[in-house]
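Close look at the chain arrangement
One-letter residues, chain by chain:
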Amino acid sequence: MTVENGAAVAEAVTVTNKVMVLPGKAPEKGRCWLATFDLPYITFYYNQKLMLYKLPAAEFGEVVERLKQGLAVALEYYYPLAGRLRQDEEKVLFVECEGEGLVGAEVVEAAVEGVSAVELAEGENAELLQKLVPYTGVMNLEGLHRPLLAVQFTKLSDGIAIGCAFNHAILDGNSTWQFMFSWADLSRGGGGGVLPLPVHDRTLARSVRLPLALPATAGEHERGDPNGPARPLVMRVFSFSEAAVDLLKARANAGLPPAAKPLSTFQSLGAHVWRSVSRARELKPEDITVFAIFADCRSRVDPPMPEAYFGNLIQAIFTGTAAGLLLGSPPEFASGMLQQVIEAHNAEAIKKRLEEYEAAPKLFYYSDAGMNCVAVGSSPRFKVYDVDFGFGKPERVRSGSNNKFDGMVYLYPSREGGRSIDVELTLEAGAMARLEKDEDFLLVKP
């Protein structure tokens, strides 16, 4: 399918129904207070996920009803997603989950003619894919006036596209996939409820009540970005087979001293992407380049939080160096930098970062990551291809265009399974064109 054809088809996505899905019963608590971990994401955008499934066309209506019923039950357990953002008289943010604040999830049903799940799964038609995911360009602070979860079910010629938008001030990637697995299990008839139960008490992670002054509108915040509007960007997916991942890891570890701690798959692949993107950007040797990791802190805080903690429990950690040194050194240099910064982010470092933010709260822009940045979100440890609503595993899992800036990377396990990994990467158009021809990056060269 060509981009031109995709653009034409994209206009044919037709909304057929829109409803609000409420929890099947009233939530156990009326309010969920946001923690310091949540607040930096208030001026990010709704986190979008798109899952493509094969499905006989005749079953679409029946399946959608079953998915809505499962969603209503899932929201009983994950009730903050059914609420609305509020601020109290002291400007402290919370989710109201009762009365007028219990608004439910927005659910849209739509259809697109002549497009199959397989075509979408194998293609690169970003414009059409984006029309299958709700809330593009919607900032999280708009949760003061919008639902915190929006879902779009789109009928395809041979399947269904399930597009979701989650307010990122409410939850991180770990919690997102907790919810998705539970919703899928409930939709396919899981009778045992949700286990483990989500942990909603965010004071366990941080009990500070932090007032936050918000702009009147998302546009007001965007206009204040000191670096101005972003340049046009291109999104691509690069699939690294199990053999390729193993090769990168072996290369990175080959130069280590015998007593050194082995470099992980993430550190090896991350360093490969960092070096390749820096080369594609044609950086000068003296240019500084930064690598950012949105690290899960559940096991790092003191005391550790359970995996079922529902909310944001991530922090961005950074390391950087001159492009000349990065590209002129062997692979283990960059991988070792990632290993060092990850291991240094312990409970003490996390607490210090929280205290710094609480002393001077800030509304962030993407440009705050710095120039020449490569930033990694998501994780291949999220078994996204195991999300089965009752009609098999997805043909493809992708992110929407929200929260994507020049150098943003999302890592997913490949559908093929094993240790294979998909790298979903966003870059400026010229750099992307060079990267797509880079035989070292693509591992064409041995």
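For the structure given in this document, a descriptive report is provided here. Remember, predicted model here, so these are calculated numbers, not experimental data. (Residues numbered from 1 in each chain as written. Predicted model: local features only at pLDDT ≥ 70, side-chain atom pairs only at ≥ 80, totals over all residues. Heavy atoms only, no water.)

**Notes on the overall build of the protein**
If you tally the helices and strands in the protein, you get 13 helices and 15 strands. Against the globule reference of 22 Å for 446 residues, the protein gives a C-alpha radius of gyration of 22 Å, in line with a compact fold. Its C-alpha atoms give the protein principal-axis dimensions of about 60 × 55 × 45 Å. Across the 446 residues in the protein, those meeting the buried criterion constitute 55%. Long-range pairs, those at least 24 residues apart, make up 80% of the contacts in the protein between residues at least 6 apart in sequence. Counting only carbon and sulfur atoms, one obtains 53% of the accessible surface of the protein, whose full area is about 18700 Å². (Helix = DSSP H or I, 4+ residues; strand = E, 2+ residues; numbered from the N terminus. Rg over C-alpha atoms; globule rule 2.2 N^0.38 Å. Buried < 20%, exposed > 50% of the residue type's maximum accessible area, 1.4 Å probe, protein only. Contact = heavy atoms within 4.5 Å. Areas by Shrake-Rupley, 256 points an atom, 1.4 Å probe, with all protein chains shown as cover.)

**Quick notes on the pairing of strand 7 (residues 149–155)**
With 6 of 7 residues buried, strand 7 is to be regarded as a mostly interior element. Adjacent in sequence and paired antiparallel, strand 7 and strand 8 (residues 159–166) are bridged by 3 residues. (Pairing = 2+ DSSP bridges.)

**Overview of unusual backbone geometry**
Among all residues save glycine, negative phi is the norm, and among peptide bonds the norm is trans. Backbone torsion omega between L195 and P196 reads -5 degrees, so that peptide bond is classified as cis. You can see P196 is positioned in the loop between helix 5 (173–187) and helix 6 (218–223). D302 connects to P303 through a cis peptide bond whose omega is 0 degrees. One can find P303 in the loop between strand 10 (288–296) and strand 11 (314–322). A positive phi angle is found at K91, which is not glycine, with a value near 70 degrees. Judged by its relative accessible area of 46%, K91 falls in the partly exposed class. If you check the backbone angles, N403 has positive phi at about 60 degrees while not being a glycine. Within the secondary structure layout, N403 lies in the loop between strand 13 (396–399) and strand 14 (408–413).

**A short note on the sheet that holds strand 14**
With mixed pairing, 6 strands are arranged side by side in an open sheet as 9-15-14-12-10-11. Here the strands that pair on one side only, and so sit at the sheet edges, are strand 9 (233–240) and strand 11. This sheet shows a mean twist of 20 degrees between the axes of neighbouring strands, independent of strand direction. With respect to the sheet, helix 8 (residues 265–280) is in contact with strand 9, strand 10, strand 11, strand 12 (373–377), strand 14 and strand 15 (421–428), its orientation differing from that of strand 10 by roughly 150 degrees. (Axes fitted to C-alpha atoms, helices over the stretch in contact; angles between N-to-C directions.)

**A look at the packing of aromatic side chains**
One pass over the full model with this rule turns up 16 aromatic pairs. Measuring from centroid to centroid gives 5.4 Å for W274 and F291, while their planes differ by 55 degrees, and the two rings are tilted. You can see W274 sitting in helix 8 and its partner F291 sitting in strand 10, a full 17 residues away along the chain. The same class applies to W274 and to F291, which are both buried. For the pair Y357 and F364, a centre-to-centre distance of 6.2 Å together with 20 degrees between the ring planes defines the contact as stacked. Since its relative accessible area comes to 25%, F364 is described here as partly exposed. Each member of the aromatic cluster is reached from another via a ring pair, and the members are Y53, Y78, F153, F166, F179, W183, F310, F389 and F391. (Phe/Tyr/Trp six-rings, centres within 6.5 Å; stacked < 30°, edge-to-face > 60°.)

**As for the side chain of S116**
Structurally, the position occupied by S116 is in the loop between strand 6 (105–111) and helix 3 (117–122). For S116, a relative accessible area of 12% puts it in the buried group. Once residues within four sequence positions are removed from consideration, S116 is found in contact with L156, S157 and D158.

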